[in-house]
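# Fold and geometry: a report
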Amino acid sequence: MRETVSGLPPAFWWLWTSTLVNRLGGFVATFMALYLTLDRGYSATYAGLVAALHGLGGVLSSLGAGVMTDRLGRRPTLLIAQSSTAVSVALLGFVRDPVAIAGVAFLVGMASNASRPAVQAMMADIVRPEDRIRAFSLNYWAINLGFAVSTMAAGFIAEHSYAAGFLLEAVMTMICAIVVFVKLPESKPVQVAGEEHEDSVGLGTVLRDGRFMAVVGLSFLVALIFQQGAVGLPVAMGAAGFTPADYGMAIAVNGILIVVLQIPVTRFIEHRDPGRLLVVSALLAGYGFGLTAFAGSVGVFALTVCVWTLAEIVNAPTQTGLVVRLSPAHGRGRYQGMYTMSWAVAALVAPLMSGLVIDRYGAEWLWGTCAVVGTVAGLGYALLMRRPPTETPALTAPALTAPTPTPAPVDPALVDPAPATLAPADLAPAPVPAGVAVPVPVPVPVPVVEASAAVDGVDAGAGKGRASGRGGEGRSEVSAS
């Protein structure tokens, strides 16, 4: 534990604290369906529509928040996203009209998802490349720890008052915004003269980056598999005669394992080949869900959850680190936004996929499809990572010039008086006695230093200084990831 948490900058821990507090207050996503069907009396179809609009808001805000992260900065984007989330969540607890509820839910989805590109870009900015896998793992651990606590608390809060849950989430989200405002400085890399301008990286640039878009596509496939734990697994277990409590016991293994194993597994994978880790995680995810086809008891279901949870623990920090390595520093927001969008789209497609396959062909076909998708993703990662990504130079601040030291004041009393002016006769050489040989000075050749060489030496030193200063903003973690 000490090795895992040591060496990270204080700004990271404030960002980590903000993430944890935000997830601890994540009640709305947990009991939204129950609130609409049980408390408000709406149909399950309407609840599904609201959930879809919430997810659609997250899809649309991913790209917009990525652009804001690069243009406005990480800190302003976080402030806007978290403040908007707090206001919209509080408003959702008081609106009653069905159209208004759907509209506000859409706004909540947009605001809550907008902070993710900024958080990931800021984390990449403030953490050294060799520590990024560890930092992303700790952040993912905080997300799951907060989610585990909030899901348990949501049940108790919902028994007393749904409105209290909305207001509590709004307050905790606003606390996150205050933490960002007070404790987190802006981490956006500073542009210097002569380097590529940040506006040169647009969404078109991201879309034309073939290697990165391949990662986004593979990320979508993996996310499509992981989403089945929340949408396909409960439906399949219900159809097989298991109770909601049985599903709760099985899926609880996921959160427990992440909280317990995320840190030690991170220490194990920190310096291993990211390509192999991504291939293994994709295969574990696909075949972990594929084994669900043979589950006939809660214990076996829990064992399958253990398999794909291990894949989730390995995949999340490794894939996020790969995205950072492929992203230019002045375009991290847009790249992270596109990556975030792949997960948001998967959250929309997964329910449609699982429902269609289970209704038409049966749950066994869904789990077999997961195994096929995992195999395809694993092969894709193997082909993609045959040539490891290289580091792209980041924007840096201008090199600091050391101030010229000011000479200390000298006491005039200690200064020797000015020497007397010598007469020309005093400067004449002394006469040489007769018969004494006078040595003739031999000229010593002095190496001539070209002016251009001297200038080149200065430039080389300055360039070296800039290169070392840029290391903290680089994207490659060859050893770490």
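Our subject is the structure listed above.
Fair warning: this is a prediction, and the values are worked out from it, not measured in the lab.

## Considering the overall build of the chain
- Per the secondary structure count, the chain includes 18 helices and 0 strands.
- Per-residue burial for the chain yields a buried fraction of 46% across its 481 residues.
- Considering only intrachain contacts with a sequence separation of at least 6, the fraction spanning at least 24 residues in the chain is 87%.
- Per element, the accessible surface of the chain, about 23700 Å² overall, is 70% carbon and sulfur.

## Let's talk about the packing of helix 11 (residues 232-239) against helix 16 (residues 363-384)
- One way to put it is that helix 11 packs onto helix 16 with a least axis distance of 10 Å and a crossing angle of 150 degrees. Here helix 11 lies roughly antiparallel to helix 16, going by the angle between them. The handedness of the crossing between helix 11 and helix 16 is left-handed. Along its contact with helix 11, which presents G232, L233 and A236, the element helix 16 presents A363, L366 and W367.

## Looking at the nonpolar core
- Ranked by size, the top nonpolar core spans 53 residues in total, and within it F212, F226, L233, F289, F301, W367 and Y381 carry the most contacts.
- Going through the elements one at a time, helix 10 (210-226), helix 11, helix 12 (244-269), helix 13 (274-290), helix 14 (298-326), helix 15 (332-360) and helix 16 are the ones with two or more residues in this core.
- Top element by residues in this core is helix 15. It accounts for 10 residues.
- Other than its neighbours up to four places away in sequence, F301 contacts L233, M237, F242, A250, T292 and A295.

## Observations regarding the packing of aromatic side chains
- One pass over the full model with this rule turns up 12 aromatic pairs.
- Look at W16 and W141: their rings are 6.2 Å apart centre to centre, the planes differ by 15 degrees, and that puts the pair in the stacked class. Taken together, the positions of W16 in helix 2 (residues 10-24) and W141 in helix 7 (residues 132-160) put the pair 125 residues apart, joining distant regions of the chain. Each member of the pair W16 and W141 is classed as buried.
- Taken together, a centroid distance of 4.6 Å and an interplanar angle of 40 degrees make the contact between Y42 and Y46 tilted.
- Using a relative accessible area of 21% as the deciding quantity, one classes Y42 as partly exposed.
- Ring pairing ties together the aromatic residues F12, W13, W16 and W141, which thus form one cluster.
- Sitting over the face of the ring of F268, R272 holds its NZ or CZ atom 4.0 Å from the ring centroid.

## Thoughts on helix 16
- Look at helix 16: 32 Å from first C-alpha to last across 22 residues, which is about the 32 Å you get at 1.5 Å a residue.
- Those residues of helix 16 that fall on the buried side of the exposure criterion are A363, L366, W367, C370, A371, V373, G374, A377, G378, G380, Y381 and L384.
- Close packing links the buried residues of helix 16 with helix 10, helix 11, helix 13, helix 14 and helix 15.

## Observations concerning the packing of helix 5 (residues 74-92) against helix 6 (residues 98-126)
- Direction vectors running N to C along helix 5 and helix 6 enclose 155 degrees, while the axes themselves pass 8 Å from each other. As the angle between them shows, helix 5 and helix 6 are arranged roughly antiparallel. Here helix 5 and helix 6 pass one another in a crossing that is left-handed.
- Of the residues contributing to the contact of helix 5 with helix 6, the split by class is 16 nonpolar, 6 polar and 3 charged.

## Observations regarding the side chain of Q82
- Looking at the element boundaries, Q82 is found in helix 5.
- You can call Q82 buried: its relative accessible area is 4%.
- Residues contacting Q82, with those up to four places away along its chain left out, are S18, T173, C176, A177 and V180.

## Quick word on the side chain of Q120
- Here Q120 shows up in helix 6.
- For Q120, a relative accessible area of 17% gives the class buried.
- When sequence neighbours within four positions are dropped, the list of residues in contact with Q120 reads F136, Q336, Y339 and T340.

Criteria and cut-off values
- Residues numbered from 1 in each chain as written.
- Predicted model: local features only at pLDDT ≥ 70, side-chain atom pairs only at ≥ 80, totals over all residues.
- Heavy atoms only, no water.
- Helix = DSSP H or I, 4+ residues; strand = E, 2+ residues; numbered from the N terminus.
- Buried < 20%, exposed > 50% of the residue type's maximum accessible area, 1.4 Å probe, protein only.
- Contact = heavy atoms within 4.5 Å.
- Areas by Shrake-Rupley, 256 points an atom, 1.4 Å probe, with all protein chains shown as cover.
- Axes fitted to C-alpha atoms, helices over the stretch in contact; angles between N-to-C directions.
- Parallel < 35°, antiparallel > 145°, perpendicular 65-115°, else oblique.
- Left-handed = near helix turned anticlockwise from the far one by under 90°.
- Core = buried A, V, L, I, M, F, W, Y, C linked by side-chain atoms within 4.5 Å.
- Phe/Tyr/Trp six-rings, centres within 6.5 Å; stacked < 30°, edge-to-face > 60°.
- Lys NZ or Arg CZ within 6 Å of the ring centre and 35° of its normal.
- Expected span 1.5 Å × (residues − 1).
- Nonpolar A, V, L, I, M, F, W, Y, C, P; charged D, E, K, R; others polar.

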